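# Overview (structure and organization)
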Amino acid sequence: MSVQRSSSFLSKARSGSVKGKMALVAEGGGQRGIFTAGVLDAWLDAHHDPFDILIGTSAGSQNLTSFVARQKGYAKRLIRGLTRHKRFFHVGRGLLGKHFVDLDWYFDKTIEPNRLLDFNTAKKNVKAREILFTATNARTREVAYLNPLKSHNSWVDLIKASSALPLLYKQGVPLNTPINNDEPANTDFYFDGGLAAPLPVMEAYKRGATKIVVIRTVEDSYQAQSPWLQKVSAVMCASGQCPKTIDFLLQHEKAYQQALTFIECPPDDVEIIQIFASEKLQSKLLGSADAHLKHDYKLGQQAGIAFLKDNGYDAPSKPAYSNVSTTRFDATMFNEMAPSDIHFTDNAKSA
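Attention in this report is confined to the structure presented alongside it. The model shown is predicted, which means the values in this text are computed figures rather than measured ones.

Here we come to empty space enclosed by the protein. Per the stated rule, a full pass over the model turns up two cavities of 30 Å³ or more. Contributing to the lining of the second largest cavity are Ala37, Leu40, Asp41, Leu44, Asn63, Ser66, Phe67, Gln71, Lys72, Gly73, Tyr74 and Ala75. Elements with a minimum of two residues in the lining of the second largest cavity: helix H1 (33-45), helix H2 (59-68) and helix H3 (74-81). With four residues, the single largest contributor to the lining of the second largest cavity is H1. Within the lining of the second largest cavity, the residues separate by chemical class into six nonpolar, four polar and two charged.

Where H1 contacts H2, the axes come no closer than 10 Å and their chain directions differ by 20°. Between H1 and H2, the angle falls in the class roughly parallel. By crossing handedness, the relation of H1 to H2 is classed as right-handed. Across the interface between the two elements, Gly33, Thr36, Ala37, Leu40, Trp43 and Leu44 from H1 touch Ala59, Asn63, Leu64 and Phe67 from H2. Partitioned by chemical class, the residues of the contact of H1 with H2 number seven nonpolar, three polar and no charged.

Attention shifts here to the nonpolar core. One broad rule of soluble globular proteins: the nonpolar side chains tend to lie buried together. Ranked by internal contacts, the top residues of the largest apolar core, which has 59 residues, are Leu24, Phe35, Trp43, Leu54 and Ile275. Judged by nonpolar contacts, the second largest core, of 20 residues, contains Val201, Tyr256, Phe262 and Ile272.

Thresholds, definitions, all that
- Residues numbered from 1 in each chain as written.
- Predicted model: local features only at pLDDT ≥ 70, side-chain atom pairs only at ≥ 80, totals over all residues.
- Heavy atoms only, no water.
- 1 Å grid on protein atoms, 1.4 Å probe; cavity = no way out; pocket = protein on both sides within 12 Å on 5 of 7 lines; lining within 4 Å.
- Points joined across faces, edges and corners; volume = space filled by probe spheres on them.
- Helix = DSSP H or I, 4+ residues; strand = E, 2+ residues; numbered from the N terminus.
- Nonpolar A, V, L, I, M, F, W, Y, C, P; charged D, E, K, R; others polar.
- Axes fitted to C-alpha atoms, helices over the stretch in contact; angles between N-to-C directions.
- Parallel < 35°, antiparallel > 145°, perpendicular 65-115°, else oblique.
- Left-handed = near helix turned anticlockwise from the far one by under 90°.
- Contact = heavy atoms within 4.5 Å.
- Core = buried A, V, L, I, M, F, W, Y, C linked by side-chain atoms within 4.5 Å.
- Buried < 20%, exposed > 50% of the residue type's maximum accessible area, 1.4 Å probe, protein only.

Pasting the structure below:
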């Protein structure tokens, strides 16, 4: 099945008229999630939220949270502020056996009065539909699809688990998961959803979606194959036992390849639309310059508006929701996670 290009912002893996549930899948990508924030903010301005199923991975889960909370600009503010603060990411701290990325500090900041999420609005807006955040069980390595409306855990803990890279946030996030109705909840630790489900399009299809919109934070040519990882794993895994770090990365790469195969050759009853930036994003997984984040946020807004126009929706003319707040969220994922992808800056504004 051929891939049709409708504009520089979009790629369609299938064309045609299909009816059924509509799903939105938001990829992770660390600070590159600011592109997703721009797309979703443009949709908030246009009152555009027709989705029956919303699935987010890592930064994508955080962006979807601010989207359904109708807090335009929330993700942008936290990505430009908190994720660039020296308290959030510090190499020296990791070398001392602590977290490289301090998600505890980050999420504690989000409960301060000027950064509160409107969970009441979020719950109201997803009451009649599904919202899911991917996470990876640290013990079984299996993907978990966490629904904040049905979970025993808080909404914040779920998006924290979805964002906890094992290389940077070491022990994972403990969550209580019920085994069955007759047994008490079991406590397991969870890592970033990008390990087991970096691009959960197949899950959206399994849940009945016949039209899937995917917001991507990589280039449209990205194939999730890292030559450096293959070379390193060939040497370090020669004995049959891989170091945990390499094993995590190989798992991510395999899962990503499976998702890309599904997107390129989807079943006949599903339409998949991917939203890419019109040019390569300037932001990185971590350590992006503020100017690059601003640039990528604008690319996201442009892509969001282009999607609306190309698909017959009204483009935004004025702010759409009366309870628009400030800005929100991001964390980390595994896309293109090579050593050269981590850059450092020390010019973040005080959080």
